[in-house]
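Structure at a glance
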Amino acid sequence: AQSVTQLGSHVSVSEGALVLLRCNYSSSVPPYLFWYVQYPNQGLQLLLKYTSAATLVKGINGFEAEFKKSETSFHLTKPSAHMSDAAEYFCAVSEAGGTASKLTFGTGTRLQVTL
Amino acid sequence: NAGVTQTPKFQVLKTGQSMTLQCAQDMNHEYMSWYRQDPGMGLRLIHYSVGAGITDQGEVPNGYNVSRSTTEDFPLRLLSAAPSQTSVYFCASSYSRQGGEQYFGPGTRLTVT
């Protein structure tokens, strides 16, 4: 069975600082990986996804993530945080060969950006 | 395109009452799913459907029923609401293919007293 672990339920960074949100997955086969963002009182919006085309994936709003098979990780980064990045971020996995599009989510990381 | 729509946005129920959360999408997606979101637990899959007439259980199906009579609609029914079902419910849809992006609705906030 696949699973996702997000280390750190809350992360606080200063505006302009590096953002690093951690995600590790467990899957018996190479998975598809996703990062979603949720702004307050809204649904989830896709930031980026990994589907085996390239290990470094660029997404919207300046975010990117790198798939590292040896570390079973898919950490999300952004070089310079902006106040508008404050939100909750979810990592999710869909197992290749399983039910198409069936996602397992991590528990989320709330990002706070301070002045 | 409206995308994925959910109604109502808010609902308060008394224990034992029943209700249906509505979900519709206009993107001709085969795959639709229902999640509940609780603090500190992320999103957990309740039920999903890979096409009209086909549904299956997810991680937390107890207390919920679904049906899929059309491609567009995927309602979630609570037959006898319990306080443990107080949550935010999200519907999502996607093309049924490997690695397909799921599109989420705005959510329904349900409180059961």
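Below, the structure is looked at part by part. Quantities reported herein were computed from a predicted structural model and do not represent experimental measurements. (Residues numbered from 1 in each chain as written. Chains lettered and ligands numbered in written order. Predicted model: local features only at pLDDT ≥ 70, side-chain atom pairs only at ≥ 80, totals over all residues. Heavy atoms only, no water.)

Looking at the state of the cysteines
All names here are of chain A. Stated precisely, the cut-off is as follows: Disulfides are defined as cysteine sulfur pairs within 2.5 Å. Only DSSP runs of H or I covering at least 4 residues are called helices, and only runs of E covering at least 2 are called strands; the numbering of each starts at the N terminus. Buried residues are those whose accessible area, probed at 1.4 Å on protein chains only, stays under 20% of the maximum for their type, while exposed residues exceed 50% and partly exposed ones sit between those limits.
Tallying each qualifying case throughout the model produces two disulfides over all chains. Across a sulfur-sulfur distance of 2.0 Å, Cys-23 and Cys-91 are joined as a disulfide pair. Looking down the S-S bond of the Cys-23 and Cys-91 bridge, the torsion is -60°, so its handedness is left-handed. With Cys-23 in the loop between β3 (19–21) and β4 (24–26) and Cys-91 in strand β10 (residues 87–95), this residue pair connects regions lying 68 residues apart in the sequence. A relative accessible area of 0% places Cys-23 in the buried class.

Some remarks on the nonpolar core
Nonpolar side chains in soluble globular proteins generally cluster together in the buried interior. Residue and element names in this part refer to chain A. Where we set the bar: Side-chain atoms within 4.5 Å link the members of a nonpolar core, which is a set of buried Ala, Val, Leu, Ile, Met, Phe, Trp, Tyr and Cys residues. Should any heavy atoms of two residues lie within 4.5 Å, those residues are considered in contact.
Trp-35, Leu-47, Leu-48, Phe-74, Leu-76 and Tyr-89 are the most contacted members of the largest nonpolar core, which totals 26 residues. Of all the elements in the fold, those that place two or more residues in this core are β3, β5 (31–38), β6 (44–50), β8 (64–68), β9 (73–78), β10 and β12 (109–114). Top contributing element to this core by residue count: β10, with four residues. Those residues within four positions of Tyr-89 in sequence are excluded, and the remaining contacts are Gln-6, Leu-21, Trp-35, Tyr-36, Val-37, Leu-47, Phe-63, Leu-76, Gly-108, Thr-109 and Leu-111.

Quick word on the environment of A:Tyr36
In this fold, A:Tyr36 is placed in strand β5. Put simply, A:Tyr36 and A:Leu46 are ten residues apart on the chain and 4.5 Å apart in space, counted from C-alpha to C-alpha. Look past the residues within four positions of A:Tyr36 in its chain and what remains in contact with it is A:Leu44, A:Gln45, A:Leu46, A:Leu47, A:Glu88, A:Tyr89, A:Phe90, A:Leu103, A:Phe105, B:Glu101, B:Gln102 and B:Phe104.

What about the layout of surface pockets?
Rules: Points on a 1 Å grid over protein atoms alone make up a cavity when a 1.4 Å probe fits among them but cannot get out, and a pocket when they form an open set with protein on both sides within 12 Å along at least five of seven lines; lining residues each have an atom within 4 Å of a point. Grid points are joined across faces, edges and corners, and a volume is the space filled by probe spheres set on the points.
Its volume calculated, the largest pocket comes out at about 610 Å³. Around the largest pocket sit 28 residues that line it, and A:Gln38, A:Asn41, B:Gln37, B:Val88 and B:Arg109 are the ones nearest its centre. Only β10 of chain A together with β4 (31–38), β9 (87–94) and β11 (108–112) of chain B provide two or more residues apiece to the lining of the largest pocket. No other element matches β9(B), which puts three residues into the lining of the largest pocket.

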